[in-house]
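Here is what each chain is made of, one letter per residue.
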Amino acid sequence: MATAGKVIKCKAAVAWEPNKPVVIEEIEVAPPQANEVRIKIVATSVCHSDLYHLFESMHKDGFPTVLGHEGAGIVESVGPGVTEFQPGDKVIPLFLSQCKECHLCKNPRTNQCEVAWTRINQAIMAGVESRFTCKGKRVLQFMGTSTFSEYTVINQTAVAKIDPAAPLDKVCLLGCGICTGYGAAVNTAKVEPGSTCAVFGLGAVGLAAVMGCKAAGAKRIIAVDVNPDKFENAKVFGATDFVNPKDHDKPIHEVLTKMTSGGVDYSLECVGNVQVMRSALESSAQGWGVSVIVGWTDLHDIVIRPVHLISGRTWKGSMFGGFKSKDGVSKMVKDYLDKKLKVDEFISHNMTLDQANDAIELMKNCKCIRAVMSVSPP
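Residues numbered from 1 in each chain as written. Predicted model: local features only at pLDDT ≥ 70, side-chain atom pairs only at ≥ 80, totals over all residues. Heavy atoms only, no water.

### Examining the nonpolar core
Counting residues in each nonpolar core, the largest one holds 115 residues, and the members touching the most others are Leu 174, Leu 268 and Phe 346. Mapped onto the domain boundaries, this core takes at least three residues apiece from domain 1 (8-175 + 342-374) and domain 2 (178-321). Contacts of Leu 268, omitting those with residues within four sequence positions, involve Ala 184, Ala 185, Ala 198, Val 199, Phe 200, Ala 209, Cys 213, Val 292 and Val 294. Among the nonpolar cores identified, the runner-up in size contains ten residues, and Phe 200, Val 224, Val 255 and Leu 256 belong to it. (Core = buried A, V, L, I, M, F, W, Y, C linked by side-chain atoms within 4.5 Å. Buried < 20%, exposed > 50% of the residue type's maximum accessible area, 1.4 Å probe, protein only. Domains from an automatic or database assignment. Contact = heavy atoms within 4.5 Å.)

### Brief notes about the packing of aromatic side chains
Summed over the entire model, instances satisfying the criterion amount to three aromatic pairs. Ring centres 5.0 Å apart and planes at 35° place the aromatic pair Phe 231 and Phe 242 in the tilted group. Remark: Phe 242 occurs in strand β15 (residues 241-243) and Phe 231 occurs in helix α6 (residues 231-237); sequence separation between them is eleven residues. What makes Phe 242 partly exposed here is its relative accessible area of 21%. Positioned above the aromatic ring of Phe 55, the side-chain terminus of Lys 364 is 4.1 Å from the ring centre. (Phe/Tyr/Trp six-rings, centres within 6.5 Å; stacked < 30°, edge-to-face > 60°. Helix = DSSP H or I, 4+ residues; strand = E, 2+ residues; numbered from the N terminus. Lys NZ or Arg CZ within 6 Å of the ring centre and 35° of its normal.)

### Description of the domain arrangement of the protein chain
Under the domain assignment used here, the protein chain contains domain 1 (8-175 + 342-374) and domain 2 (178-321). Computed from C-alpha atoms alone, the centre-to-centre distance between domain 1 and domain 2 is 28 Å. At the interface, 20 residues of domain 1 touch 16 residues of domain 2. Surface buried jointly by domain 1 and domain 2 totals about 1,700 Å² across both partners, of which 71% is contributed by carbon and sulfur atoms. Of all residues in domain 1, Tyr 52, Lys 342 and Phe 346 bury the most surface against domain 2, accounting for 33% of the area lost on that side. Across the contact surface, domain 1 and domain 2 share two residue pairs in polar contact (both at pLDDT 80 or more). A per-element tally of the side of domain 1 that touches domain 2 places helix α1 (residues 48-57) first, with three residues. Broken down by class, the residue content of the side of domain 1 that touches domain 2 amounts to eleven nonpolar, five polar and four charged. (Buried area = accessible area lost by both parts, 1.4 Å probe. Polar contact = N/O pair within 3.5 Å; in protein donor to acceptor, adjacent residues only side chain to side chain. Nonpolar A, V, L, I, M, F, W, Y, C, P; charged D, E, K, R; others polar.)

See the structure below:
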């Protein structure tokens, strides 16, 4: 392409400081260096992790940054040493690397990668490297991706090549939320046919977890949320029951334990709240229940008692649904194209990058499942 090897000036939504609106700015995106890929972002959506960084963790060294890690686009150019990708490829950026060479990538028991956390400074939720500048200042790349920009540069270990038939304004959601929730049920919890499940939190990740429980053959899926308006959405993805903790005068784990005659086989916490994580654990059956932490937070400790686990429960964590990122995303895109996976049903709003603040407010106020923003023409 004519832009290969040159600095690209383009539009991006820059978060200059925490707890403030993002600003649509012209930024400069440098050419990809060795083992990097420059991508034209076609579509992206807002995930709760974007809001977590902007409104909750608010690390002073994590700004200015370009948010966004749930997107899809087209390769514009590649740096030296890149052989897996070429201009024109449809791709999904990944916040979790898969180098396929380290001992973690070669271990089937984990989806972690040695490259992943050397590439990302976890404390500030940004890439160690950045190819962005704006008004003479270096701008961070959120989670090493930054999909709230017309162009971005990403290490090739954190890019998944996808089927060229895939609609980018739909499959962009597979860059985080859907894979995270669905995989937590299927890969991490390993939900079994005929089982009883409880999913705490009915945002996109929770709804994807409900969908995963159904795909795994669960016979009863209890959706738990304080917003009763979300139950209709949950039913679309397979929920059989809905419980609003506000409707009860006793702890939610006691309600679920009574409903299920001893607790659920599997519980999944998709909120990112330490109190809810404990409730989810206590809701699982004492002798064999499995509880999975899916929601992200790094602000508080969880307090439990040893007896919660000694009796036989298993407590697990799940990042990106346990999917090895490149392989998992490519397969999930194929499953969507083969009509084995719901994706369109998660999209409640279609917007543009210029409306980024509106999309963020919708997510902040729980008024959307996913708002997909068009960024560049395909």
